[in-house]
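Chain residues, written in single-letter form:
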Amino acid sequence: MPWKNQGGGPWGSGPKGPWGSGPQPVGPRPPDLEDLLRRGQDRLQQLLPGGYFSGLGIALILIGAVAIWGLSGFFRVQSEELGVVLRFGKHVRTVQPGLNYHLPYPIETVLLPKALRVSTISIGMTLIDDPARRGRTMRDVPEESLMLTGDENIVDVDFTVLWRIKPDGVGDYLFNIQNPEGTVKAVAESAMREAVGKANIQPVLTGARTTTEQGVQELMQKTLDSYGSGILITQVQMQKVDPPAQVIDSFRDVQAARADLERLQNEAQTYANRVVPDAKGRAAQILQVAEGYKQQAVAEAKGQSARFLKVYDEYKKAPDVTRERIYLETMERVLGGSEKLVYDGGSSSAQGIVPYLPLSELTPRRSAAPATTGQPQQPSGGTR
């Protein structure tokens, strides 16, 4: 059978391959741009009778251009921003976050600084990329952190400054300073160096951090206000305050010795607080006992002298009777507590001794009368 070429090769007519029909288009075909433009021109000609350059066409084009120009004045202010509207380059008003409008360019323009965001600046330290840790790490910056104290010591101070733009100072922030972040950093470093330079190293390292932070914040705010910067310093935080790394071990030894000194002083003061009141109490007790003994001795002496004067008065009235009474009372005190034998004075010692009944051993002894003189008191007993 003879082969016939029907315009499609040996497999038939049309763009066919050896396995059937040829490749077919897949999916919708993209629109032709020239065709779209041509259709748009035709429709515009239908809307503008008389052509593009007729009076009505020009008016409609101008109205559309003015409408588009007027709508270009709408703008949106984000949550951390404030809108600063400029009229021919002059600040006329500040708008809050949200949808706002200004006269279209070039009459008015708008700037959108992040005035409601609190920014942070670190002095004495910086973040650098660390490939080993796959992140960022903190690195010291000694040229910023090393400062001279008032007592000629060197201290390493790392601190951060939190700042934001004043709500009523956005214009000053935009037009009075060229590099706000660099200005804040320079003022912060200068203020901290001034505060540290007026203080000794020990208060800065221990208990004066809060006072130093407040002083630096006030000095920074005063300086920035004098620049008309429109910046508000919200907080100054001292992160690390240490001696230089070269002497930090020796400094810690000195700190430990100072802590031991304070501990020993506190222990000694505690002992003194316990012993001194006890000694004062004992001294007061001894003084009170001595005063009581003094009062007692004086009273007894006065009583004895008064008694003696009374006896002397009676003696002057009846000397014999008083003399005999004194003698009997004295003999009673002397002989009242002693063993007694009565001897009648006979020549025969054996026959002249008269036995007596020891009544003092059969009956309880009477209490001796109070001593009236300096002689020892003895209980009375026995009979003659």
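Here goes a summary of the coordinates provided. Everything numeric here is computed off the predicted structure, so don't read it as measured data.

Side note on the overall build of the protein chain
Point 1. Looking only at helices and strands, the protein chain features 10 helices and 15 strands.
Point 2. Taking all 384 residues of the protein chain together, the buried fraction comes to 23%.
Point 3. Across the protein chain, contacts joining residues at least 24 apart in sequence account for 61% of those joining residues at least 6 apart.
Point 4. As displayed, the protein chain has an accessible area near 27,900 Å², and 57% of this comes from carbon and sulfur atoms.

Some remarks on the side chain of T322
Point 1. Tracing the backbone shows T322 in helix α9 (residues 319-335).
Point 2. On the accessibility criterion, T322 (11% relative accessible area) is buried.
Point 3. A distance of 2.8 Å separates a polar atom in the side chain of T322 from the backbone oxygen of A318.
Point 4. Not counting the four nearest positions on each side in its chain, T322 is found in contact with V311, E314 and Y315.

Side note on the nonpolar core
A general trend in soluble globular proteins is that nonpolar side chains are found buried together.
Point 1. Counting residues in hydrophobic clusters, the biggest one holds 34 residues, and the most contacted among them are F159, M192, M220 and I233.
Point 2. Only β4 (83-87), β8 (119-123), β12 (154-165), α4 (170-175), α5 (180-197), α6 (201-205), α7 (209-227) and β13 (231-242) provide two or more residues apiece to this core.
Point 3. Residues within four places of M220 in sequence aside, it is in contact with V161, V184, V187, A188, A191, I233 and V236.

A word on the pairing of strand β3 (residues 74-77)
Point 1. Residues F75 and V77 of β3 are buried on one face, while the alternating residues F74 and R76, pointing to the opposite face, are not.
Point 2. In terms of strand pairing, β3 meets strand β6 (residues 98-101) through 4 bridges, oriented antiparallel. Directly across from F74, in β6, lies its bridge partner Y101.

Points about the pattern of salt bridges
Point 1. A full pass over the atoms with the stated rule returns 11 salt bridges.
Point 2. With a shortest N-O distance of 3.2 Å, E189 and R193 are connected by a salt bridge. Here the residue E189 and the residue R193 both occupy positions in helix α5, the gap between them amounting to 4 residues, near one helical turn.
Point 3. Judged by its relative accessible area of 29%, R193 is partly exposed.
Point 4. Notably, a salt bridge pairs D260 with R263, separated by 4.0 Å at the nearest N-O pair. Residue D260 and its partner R263 are located together in helix α8 (residues 248-317), separated by 3 residues, close to a single helical turn.
Point 5. Several salt bridges converge on common partners, so that one network encompasses D156, D158 and K240.

Describing unusual backbone geometry
Point 1. Phi is positive for E152, close to 65°, though the residue is something other than glycine.
Point 2. Within the secondary structure, E152 sits in the loop between β11 (146-148) and β12.

Details of the sheet that holds strand β7 (residues 108-111)
Point 1. Strands sit in the order β5-β4-β7 across an open sheet of 3 strands; the sheet is antiparallel. Only two strands of the sheet have a single neighbouring strand rather than two, namely β5 (90-95) and β7. Pairwise comparison of adjacent strand axes, ignoring direction, gives a mean angle of 30° for this sheet.
Point 2. Relative to β7, β4 runs antiparallel, the two being bridged by 4 bridges. What sits directly across from L86, in β7, is T109.

Thoughts on a nonpolar patch on the surface
Point 1. Judged by side-chain polarity, L71, F74, L99, Y101 and L103 come together as a nonpolar surface patch covering roughly 510 Å² of accessible area.
Point 2. Here L103 shows up in the loop between β6 and β7.

Notes on the packing of aromatic side chains
Point 1. A full pass over the atoms with the stated rule returns 1 aromatic pair.
Point 2. Pairing W163 with Y173 gives two aromatic rings, centres 6.4 Å apart and planes at 40°, and the pair type is tilted. With W163 in strand β12 and Y173 in helix α4, this residue pair connects regions lying 10 residues apart in the sequence.

Quick notes on the rules
Residues numbered from 1 in each chain as written. Predicted model: local features only at pLDDT ≥ 70, side-chain atom pairs only at ≥ 80, totals over all residues. Heavy atoms only, no water. Helix = DSSP H or I, 4+ residues; strand = E, 2+ residues; numbered from the N terminus. Buried < 20%, exposed > 50% of the residue type's maximum accessible area, 1.4 Å probe, protein only. Contact = heavy atoms within 4.5 Å. Areas by Shrake-Rupley, 256 points an atom, 1.4 Å probe, with all protein chains shown as cover. Polar contact = N/O pair within 3.5 Å; in protein donor to acceptor, adjacent residues only side chain to side chain. Core = buried A, V, L, I, M, F, W, Y, C linked by side-chain atoms within 4.5 Å. Pairing = 2+ DSSP bridges. Salt bridge = Lys/Arg side-chain N within 4 Å of Asp/Glu carboxyl O. Axes fitted to C-alpha atoms, helices over the stretch in contact; angles between N-to-C directions. Patch = residues over 30% accessible without salt bridge, like charges linked within 9 Å, V, L, I, M, F, W, Y side chains within 5 Å. Phe/Tyr/Trp six-rings, centres within 6.5 Å; stacked < 30°, edge-to-face > 60°.

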